[in-house]
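A structural walkthrough
As a plain string of letters, each chain reads:
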Amino acid sequence: MEHCNTAQKMNISRREFLHVPLSLTAAAVCGTAALPALSAHSEKANPHPKDTGRAGDSPLADLYKTSPHNPSARRMEILGQIQKRADACEHLKFIAYCVSAILKEKLPDSAPEIMHDFEYAYETVAEKLAKNPRPQKGVRLYLLYNMGYIVQTPTAAFGIDIVHTQTKKIAKLLDFLLITHKHADHYSPLLVKQMNGKPVVSNFINNEFIQTSDKKEYNIGNIGIAATLTHHGGNIPKYNSTFEITCRETPREIKILHIGDAGKWEQIKPSSQPDVFIPHVSVGLDIKKCAEETVKPKLLLMSHLLELGHPTYKWRHPLSLGLKKCAALKNTNAIMPFWGECIEIE
């Protein structure tokens, strides 16, 4: 399957199709041969979990027996194992894996160890969404990867900033999708395409849900969304949208504030105290000021850890940083969930 032919059939650019960072565009569009090979003979290659059983050798099975609300010694030990697996995976390996999975529409036969965890987390979330009845009194937030969450309410399931290899399956799980900004670690053009006309809210996709003003409100079913344009980090104005989400079908309204890569604390002004606040761990935002003076959430979920598309030496924030930032928030209930974990709010 040729890259350009596939991209043309999808009616999107090759760079968008591969959803890789701009710095990797040249390598990606030249073919997977220009990226590190994923083969059974690669030094870091391992059989994919689909060939060795659902869990493979992923430490996530043991992580899920612990709780992000209680960072026990056992949990710290497992997170350390995961960090080592991530450190062993160069960003080009991750990109090559994703490119191969997307172009061939199947998972590679071999992969770096951390990709076992990446896929295992998706399988765990998909299984829970399929088997568990919808929450009746609250909402569930499933962390899929990076800042990508699937939120399940009594009447709907929606995604925020989802990037993954399993876009076709994920699209079937969602009633609508929210995207904070156009960077490749928050936006998957293929997922948007595969939503097949279901609502996609963003500040850059030209559809009926595009945010064309500094503030815009949406109502999708029983869910209200207040979108606000902010700086990305501290220096790109009006590039990132924050979403104040109100779930109205629960016995009491539950509010979620997902701010993507917003970096200026003074721009984060929710209409009321959110039940859940989801900030970027290290994009210049004064999280402490937000948590303790302005936003004052009931629960903070530290996010944007181990984004594998970034180099290990730049912007791939380690799990230790997330734990440190949580510990520094003495007056806020702050936790660091990991891929595949579910946070329930009632």
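Higher on the page you've got the structure.
Parameters at a glance
- Residues numbered from 1 in each chain as written.
- Predicted model: local features only at pLDDT ≥ 70, side-chain atom pairs only at ≥ 80, totals over all residues.
- Heavy atoms only, no water.
- Helix = DSSP H or I, 4+ residues; strand = E, 2+ residues; numbered from the N terminus.
- Buried < 20%, exposed > 50% of the residue type's maximum accessible area, 1.4 Å probe, protein only.
- Contact = heavy atoms within 4.5 Å.
- Areas by Shrake-Rupley, 256 points an atom, 1.4 Å probe, with all protein chains shown as cover.
- Pairing = 2+ DSSP bridges.
- Axes fitted to C-alpha atoms, helices over the stretch in contact; angles between N-to-C directions.
- Core = buried A, V, L, I, M, F, W, Y, C linked by side-chain atoms within 4.5 Å.

Per the secondary structure count, the protein includes twelve helices and 15 strands. Looking at the 346 residues of the protein, the share that counts as buried comes to 58%. The contacts of the protein with a sequence gap of at least 6 include a subset with a gap of at least 24, amounting to 55%. Roughly 14,800 Å² of accessible area belongs to the protein as shown, and the carbon and sulfur atoms make up 50% of that amount.

What follows covers the sheet that holds strand 7 (residues 200-201). With respect to topology, six strands assemble into an open sheet ordered 7-6-5-4-3-15, the strand pairing being mixed. Each edge of the sheet is formed by a strand with only one pairing partner; in this case those strands are strand 7 and strand 15 (342-345). With four bridges connecting them, strand 4 (residues 148-152) and strand 5 (residues 157-160) associate as antiparallel partners. Its bridge partner being in strand 5, Tyr 149 is matched across the sheet by Ile 160. Against the sheet, helix 8 (residues 113-131) makes contact with strand 3 (139-145) and strand 4, and its axis sits at roughly 155 degrees relative to strand 3, the strand it touches most.

Not every positive phi belongs to a glycine, and Asn 146 is a case in point at roughly 60 degrees. Secondary-structure assignment places Asn 146 in the loop between strand 3 and strand 4. Among the residues examined, Asn 146 registers a relative accessible area of 3% and is labelled buried. Of note, the phi angle at Trp 315 is positive, near 75 degrees, even though the residue is not glycine. Summarising the element assignment, Trp 315 is placed in the loop between strand 13 (299-301) and helix 12 (319-328).

Right, let's get into the nonpolar core. Membership of the largest hydrophobic core comes to 46 residues, with the highest contact counts inside it found for Ile 82, Phe 94, Ile 268, Met 302 and Trp 339. Breaking this core down by element, the ones donating at least two residues are helix 5 (60-63), helix 6 (73-87), helix 7 (91-104), helix 8, helix 11 (287-294) and helix 12. Sequence-distant contacts of Ile 268, that is, excluding residues within four places in its chain, are made with Thr 242, Leu 257, Ile 259, Ala 262, Phe 277, Leu 285, Cys 290, Thr 294 and Val 295. Grouped together as the second largest cluster of nonpolar side chains are 30 residues, Leu 143, Phe 158, Phe 209 and Ala 227 included.

Once that is clear, we can look at the sheet that holds strand 9 (residues 223-232). Sheet architecture is open: seven strands sit in the order 8-9-10-11-12-13-14, paired in mixed fashion. Sheet topology places strand 8 (215-220) and strand 14 (334-335) at the edges, where each strand pairs with a single neighbour.

The values are spatial; any link to function lies outside them.
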